[in-house]
Amino acid sequence: MAANDPAGQHDAQEAPSVARRHVPVMAQRVIDLLVPGVEFARQQDRRPVLVDATLGMGGHTQLMLDRFPDAFVVGIDRDTQALELAKQRLEAYGPRFIAFHGTYDETLAALATANTDAADGYLYDLGVSSYQLDERKRGFAYSYDAPLDMRMDPTARFSAADVVNDYDQRTLEQLIRRFGEEKFARRIATAIVARRSERRFSRTGDLVETIRKAVPAAAGRSGGHPAKRTFQALRIEVNEELNILRDALPLALKSLHIGGRMVVMSYHSLEDRITKKAFQEQATSLTPPDFPVELEEHAPVVKILTRGTEKPTEQEIADNPRAASAKVRAIEKIRPNRSNG
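Reading guide: rules and limits
Residues numbered from 1 in each chain as written. Predicted model: local features only at pLDDT ≥ 70, side-chain atom pairs only at ≥ 80, totals over all residues. Heavy atoms only, no water. Helix = DSSP H or I, 4+ residues; strand = E, 2+ residues; numbered from the N terminus. Rg over C-alpha atoms; globule rule 2.2 N^0.38 Å. Buried < 20%, exposed > 50% of the residue type's maximum accessible area, 1.4 Å probe, protein only. Contact = heavy atoms within 4.5 Å. Areas by Shrake-Rupley, 256 points an atom, 1.4 Å probe, with all protein chains shown as cover. Lys, Arg positive; Asp, Glu negative; His and termini not counted. Charge placed at Lys NZ, Arg CZ, Asp CG, Glu CD. Phe/Tyr/Trp six-rings, centres within 6.5 Å; stacked < 30°, edge-to-face > 60°. Pairing = 2+ DSSP bridges. Axes fitted to C-alpha atoms, helices over the stretch in contact; angles between N-to-C directions. Salt bridge = Lys/Arg side-chain N within 4 Å of Asp/Glu carboxyl O. 1 Å grid on protein atoms, 1.4 Å probe; cavity = no way out; pocket = protein on both sides within 12 Å on 5 of 7 lines; lining within 4 Å. Points joined across faces, edges and corners; volume = space filled by probe spheres on them. Nonpolar A, V, L, I, M, F, W, Y, C, P; charged D, E, K, R; others polar. Core = buried A, V, L, I, M, F, W, Y, C linked by side-chain atoms within 4.5 Å. Right-handed = clockwise from strand over helix to strand, strands pointing away. Parallel < 35°, antiparallel > 145°, perpendicular 65-115°, else oblique. Left-handed = near helix turned anticlockwise from the far one by under 90°.

### Some words on the overall build of the protein
Working step 1: Each helix and strand in the protein was counted, giving 15 helices and 7 strands.
Working step 2: In terms of overall dimensions, the protein is globule-like: its C-alpha atoms have a radius of gyration of 21 Å, near the 20 Å expected for 341 residues.
Working step 3: Its C-alpha atoms give the protein principal-axis dimensions of roughly 65 × 60 × 40 Å.
Working step 4: Considering the protein as a whole, with its 341 residues, one finds that 53% of them fall into the buried category.
Working step 5: Taking the intrachain contacts of the protein between residues at least 6 apart in sequence as the baseline, contacts between residues at least 24 apart amount to 71%.
Working step 6: For the protein, the exposed surface amounts to about 15800 Å²; the carbon and sulfur share of it is 49%.
Working step 7: The distance from the centre of the 48 positive side-chain charges to the centre of the 48 negative ones in the protein is 5 Å.

### Focus: the packing of aromatic side chains
Working step 1: Counted according to the given criterion, the structure contains 4 aromatic pairs.
Working step 2: Measuring from centroid to centroid gives 5.5 Å for Tyr104 and Tyr124, while their planes differ by 90°, and the two rings are edge-to-face. Taken as a pair, Tyr104 in the loop between β3 (97-101) and α5 (107-112) and Tyr124 in strand β4 (residues 119-125) lie far apart in primary sequence, 20 residues in all. Accessibility assignment for this pair places Tyr104 and Tyr124 in one class, buried.
Working step 3: An angle of 20° between the planes, with centres 6.3 Å apart, marks the rings of Tyr122 and Tyr124 as stacked. Side by side, Tyr122 and Tyr124 carry an identical accessibility label, which is buried.

### Overview of the sheet that holds β3
Working step 1: Taken together, the 7 strands give an open sheet; going across it, the order is β3-β2-β1-β4-β5-β7-β6, and neighbouring strands pair in mixed fashion. Two strands lie at the open edges of the sheet, namely β3 and β6 (302-304), each paired on one side alone. Recorded for the sheet is a direction-independent mean angle of 15° between the axes of neighbouring strands.
Working step 2: By the bridge criterion, 6 bridges tie β4 to strand β5 (residues 256-266) in an arrangement that is parallel. What sits directly across from Tyr124, in β5, is Val264.
Working step 3: On the sheet, helix α2 (residues 27-43) packs against β1 (49-52), β4, β5 and β7 (327-333) and is oriented at approximately 170° with respect to β5.
Working step 4: On top of the sheet, helix α14 (residues 269-283) reaches β5, β6 and β7; it is set at about 20° to β7, its chief contact.

### What about the pattern of salt bridges?
Working step 1: A full pass over the atoms with the stated rule returns 17 salt bridges.
Working step 2: Of the charged contacts in the structure, one is a salt bridge between Arg138 and Asp79, with a shortest N-O distance of 2.9 Å. Remark: Asp79 occurs in the loop between β2 (72-77) and α4 (80-89) and Arg138 occurs in the loop between α6 (130-134) and α7 (160-166); sequence separation between them is 59 residues. Taken as a pair, Arg138 and Asp79 share a single burial class, namely buried.
Working step 3: Where Arg151 meets Asp149, a salt bridge forms, and the shortest distance between an N and an O atom there is 2.6 Å.
Working step 4: Judged by its relative accessible area of 12%, Asp149 is buried.
Working step 5: One continuous salt-bridge network, built from bridges that share partners, spans Glu173, Arg177 and Arg186.

### Section: unusual backbone geometry
Working step 1: Look at Met26: it is not a glycine, yet its phi comes out positive at around 45°.
Working step 2: Residue class for Met26 comes out buried when judged on its relative accessible area of 4%.

### Looking at the layout of surface pockets
Working step 1: The computed volume of the largest pocket comes to approximately 830 Å³.
Working step 2: Taken together, 26 residues form the lining of the largest pocket, with Val128, Leu133, Tyr142, Lys228 and Arg235 sitting closest to its centre.
Working step 3: Secondary-structure elements contributing two or more residues to the lining of the largest pocket are α12 (228-239) and α14.
Working step 4: Ranked by the residues each element gives to the lining of the largest pocket, the list is headed by α12, at 5 residues.
Working step 5: Residue composition of the lining of the largest pocket, by class: 12 nonpolar, 8 polar and 6 charged.

### Side note on the nonpolar core
Where a protein is soluble and globular, its nonpolar side chains tend to be buried together.
Working step 1: Formed by 64 residues in total, the largest nonpolar core has its most connected members in Val74, Tyr122, Tyr124, Leu175, Leu207 and Met262.
Working step 2: Sort the elements by how many residues they give to this core and helix α13 (residues 241-254) lands first, with 7 residues.
Working step 3: When sequence neighbours within four positions are dropped, the list of residues in contact with Leu207 reads Leu148, Val164, Ile192, Phe201, Phe231 and Leu234.
Working step 4: The next biggest cluster of nonpolar side chains, apart from the first, holds 28 residues, and it includes Leu50, Met64, Ala323 and Val328.

### Considerations on the pairing of β3
Working step 1: Bridging between β2 and β3 involves 5 bridges; their strand directions are parallel. When the sheet's bridge partners are listed, Asp77 is paired in β3 with His101.
Working step 2: On the question of chirality, the crossover connecting β2 to the parallel β3 by way of α4 is right-handed.

### Brief notes about the packing of helix α9 (residues 185-196) against helix α10 (residues 204-214)
Working step 1: α10 packs onto α9 with a crossing angle of 130° between their chain directions and a minimal axis gap of 9 Å. The orientation of α9 with respect to α10, classified from their angle, is oblique. Once α9 is placed against α10, the crossing between them reads as right-handed. The residues of α10 that touch α9, namely those facing Arg187, Ile188, Ala191, Ile192 and Arg195, are Asp206, Leu207, Thr210, Ile211 and Ala214.
Working step 2: A breakdown of the residues in the contact of α9 with α10 according to their chemical character gives 6 nonpolar, 1 polar and 3 charged.

In short, geometric facts, not functional conclusions.
Next comes the structure, spelled out in structure tokens:
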């Protein structure tokens, strides 16, 4: 996570320096995983195209542009503020960097900006960005009072306040349990509905206080901040993160050149399960077990490169505490897309 701004806001002059202070998670390892895909593209006399599907402040993209001086990098982000920040940071790279405003399930549209329909490498650094956490007015953090927002795209209309104030109690309970993996979901949902009957929520501080009263004190002492899981659930719901990820990975796998690679960093089990499932589906043969030969149209499309998940080193965590929960999975595409999808 980037260093917190004590004042809770970054002014326009501070923005570029904030980007420069940002430490990309597991930077060296994820770039190393992409190297063979870039080299294969060169062997095919093709100028490499890489996609940073979660551009953020542009840290990983800058490393790609430096490491692969002949490559184009398409950076996707729904956050208009982060896009402007990244554009400033990467201006010196000229047309080799292409910014795309959207979500990472808009793969084909993003690739079209680089005049191609396939990439040689994809990188996903999932979840909320350090920039979004550090910008207090965005309302992602439970550690200080701010507007109850949590929109990754500031131009979107639907916010965390809409969820908290308008969802019925049962729906609130279900999403807090499902997306937050919160065992006190019922107590929290009940408390939220009771509190909003008196006054609608508009600030994170009010929500944190309501959750704190609903969760047993002992649970807070042993399980971290009592609002952590609920805030995660609200953020996922507001930004449709899991639905977008489910759609995005198969689309990107289809839009990956043979020899290309995909690297996904996730920060909680829900993201990791979706990634694991998408990779395993394409890495598993569909040939019936009683067939004597592997059918080409049923053969695995990708090879899994990571055994389970890779995790950051102790030094990486010390340098960047946000990396502590990171899990990396990676694949290489080895065959054309299956005709049966």
